[in-house]
Amino acid sequence: MAHKSVFGFLFALLFIGVVVIIIVCFTAKYGKRDKEVTEPFWKTSVVFQVYPPSLYDAHPDGIGDITGIMSKADYLAELGVGAVWISPVYTSPMKDFGYDISDFTDINPIFGTMADFDELVSAFHQRGLKVIMDFVPNHTSDQHEWFQKSVAREDPYTDYYIWADSKGGTDNTTRQPPNNWLSVFRGSAWEWSEERQQFYYHQFLAEQPDLNYRNSIVREEMKNVLLFWINKGVDGFRVDAIKHLFEAEDLSLDEPVAADSGITDPDDYGYLNHTYTVDQPETFTVLHEWRQLLDLYTD
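So, here's what we can say about the structure. All of these numbers come straight from a predicted model, not from anything done at the bench.

## Some details on helix 8 (residues 216–230)
- Taking 1.5 Å as the rise per residue, helix 8 with 15 residues should run 21 Å; its terminal C-alpha atoms sit 21 Å apart, in good agreement.
- Of the residues making up helix 8, those classed as buried are Val 218, Arg 219, Met 222, Lys 223, Val 225, Leu 226, Trp 229 and Ile 230. For helix 8, the buried positions fall inside an angular range of 150° around the axis, keeping them on one side.
- The backbone nitrogen of Ile 217 has a side-chain oxygen 2.8 Å away, supplied by the residue at the start of helix 8, namely Asn 215.

## Looking at helix 9 (residues 282–294)
- With 13 residues, helix 9 extends 19 Å from end C-alpha to end C-alpha; this agrees with the ideal 18 Å at 1.5 Å per step.
- Listed in full, the buried residues belonging to helix 9 are Thr 283, Val 286, Glu 289, Trp 290 and Leu 293. End-on view of helix 9: buried residues confined to an arc of 125°, all on one side of the axis.
- For helix 9, the secondary structure elements touched by its buried residues are strand 5 (130–135), helix 8 and strand 9 (236–239).

## A closer look at the sheet that holds strand 9
- Strand order in the open sheet formed by four strands is 1-2-5-9, and the pairing between neighbours is parallel. Taken across any chain shown, the strands that pair with only one partner, and hence form the sheet edges, are strand 1 (47–50) and strand 9. Ignoring which end each strand starts from, the neighbouring axes of this sheet average 30° apart.
- Looking at chain direction, strand 1 and strand 2 (residues 83–86) are connected through four bridges and run parallel. What sits directly across from Val 50, in strand 2, is Ile 86.

## Describing the sheet that holds strand 7 (residues 190–193)
- Spatially, the three strands line up as an open sheet ordered 6-8-7, and their pairing is antiparallel. Each edge of the open sheet is held by one strand with a lone partner, namely strand 6 (163–164) and strand 7.
- Of the strand pairs in this sheet, strand 7 and strand 8 (residues 198–201) are connected by four bridges, and their pairing is antiparallel. Each residue of the ladder has a partner; that of Trp 190, found in strand 8, is Tyr 201.

## Considerations on the nonpolar core
- Counting 50 residues, the largest nonpolar core has Phe 117, Leu 120, Phe 124 and Trp 229 as the members making the most contacts within it.
- Other than its neighbours up to four places away in sequence, Leu 120 contacts Ile 66, Ile 69, Met 70, Ile 86 and Val 131.
- By size, the runner-up hydrophobic cluster in this structure holds nine residues, among which are Ala 164, Trp 181, Phe 199 and Tyr 201.

## As for the packing of helix 8 against helix 9
- At a minimum axis distance of 11 Å, the contact between helix 8 and helix 9 shows a crossing angle of 35°. The handedness of the crossing between helix 8 and helix 9 comes out as right-handed. On the side of helix 8, the interface is formed by Arg 219, Lys 223, Leu 226, Leu 227 and Ile 230, while helix 9 contributes Thr 285, Val 286, Glu 289, Trp 290, Leu 293 and Leu 294.
- Of the residues that constitute the contact of helix 8 with helix 9, the class distribution is seven nonpolar, one polar and three charged.

## Focus: the pattern of salt bridges
- Enumeration over the complete set of coordinates arrives at twelve salt bridges.
- Arg 186 is the partner of Asp 265 in a salt bridge, and the nearest nitrogen-oxygen pair spans 2.9 Å. Here the residue Asp 265 occupies a position in the loop between strand 9 and helix 9, and Arg 186 occupies one in the loop between strand 6 and strand 7, the gap between them amounting to 79 residues.
- Take Asp 265: its relative accessible area is 29%, and that puts it in the partly exposed class.

Analysis parameters
- Residues numbered from 1 in each chain as written.
- Predicted model: local features only at pLDDT ≥ 70, side-chain atom pairs only at ≥ 80, totals over all residues.
- Heavy atoms only, no water.
- Helix = DSSP H or I, 4+ residues; strand = E, 2+ residues; numbered from the N terminus.
- Expected span 1.5 Å × (residues − 1).
- Buried < 20%, exposed > 50% of the residue type's maximum accessible area, 1.4 Å probe, protein only.
- Arc of directions from axis to C-beta.
- Polar contact = N/O pair within 3.5 Å; in protein donor to acceptor, adjacent residues only side chain to side chain.
- Contact = heavy atoms within 4.5 Å.
- Pairing = 2+ DSSP bridges.
- Axes fitted to C-alpha atoms, helices over the stretch in contact; angles between N-to-C directions.
- Core = buried A, V, L, I, M, F, W, Y, C linked by side-chain atoms within 4.5 Å.
- Left-handed = near helix turned anticlockwise from the far one by under 90°.
- Nonpolar A, V, L, I, M, F, W, Y, C, P; charged D, E, K, R; others polar.
- Salt bridge = Lys/Arg side-chain N within 4 Å of Asp/Glu carboxyl O.

This is the structure we're talking about:
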């Protein structure tokens, strides 16, 4: 009887152990899967960047297009891609690969039409692919209607961009930028407007004037851009050049020379320490506003 009791006790322990192992394995396998399902797609998906002019040309003219991107939807899904980040397809003079935007809510005809874009979003969503747009908030093209009206001092656009008076006179020989700030693409970050008789600030090309985010109307304009594309079915945004969004409010401040950089060319962007033109604290305020806006939508 004693042997039977011991055997029964050991059998019970073995049975309990097997049950525990099954539960642990089930939890490890399926519990993790449930967690993955509930995570936002942008935390778990493979993101594939598409530069539209070079992926696929569906209308043989030598330039890739939206229809060409859409034609690769099955291929991208088969690769295991979860989200497709599309570099700028907005209306643009294409001075900087489409990052000089003249209309944030329209499609550049070289890539197709808005109807093509709508079809692309639908095709991608049918295959479980998310669509991420390249959002370029720091600047516009100098061909944008806002800039043209700002040059002409038409309200409310007068202060949509960063304007400053010359430190000297206004003729060719005496006018001087307000400070020593440099463009990422070399040389002064200030360009003279003969019509307005002021300098405007451009962190990149002279054809890419920086928007003035200290202007609350500009902030609302850019929120409306986000809303436009969200309502088109876009699932998210890659934000371009975010560290350049704000500059010091005092435009008389010169940036210090980066003494330890080893760079001696005063036109080289690395010649200065960019204490007044990148990573300004106000940037976080605008990011918070955008996050609040996007949080009104699911996933």
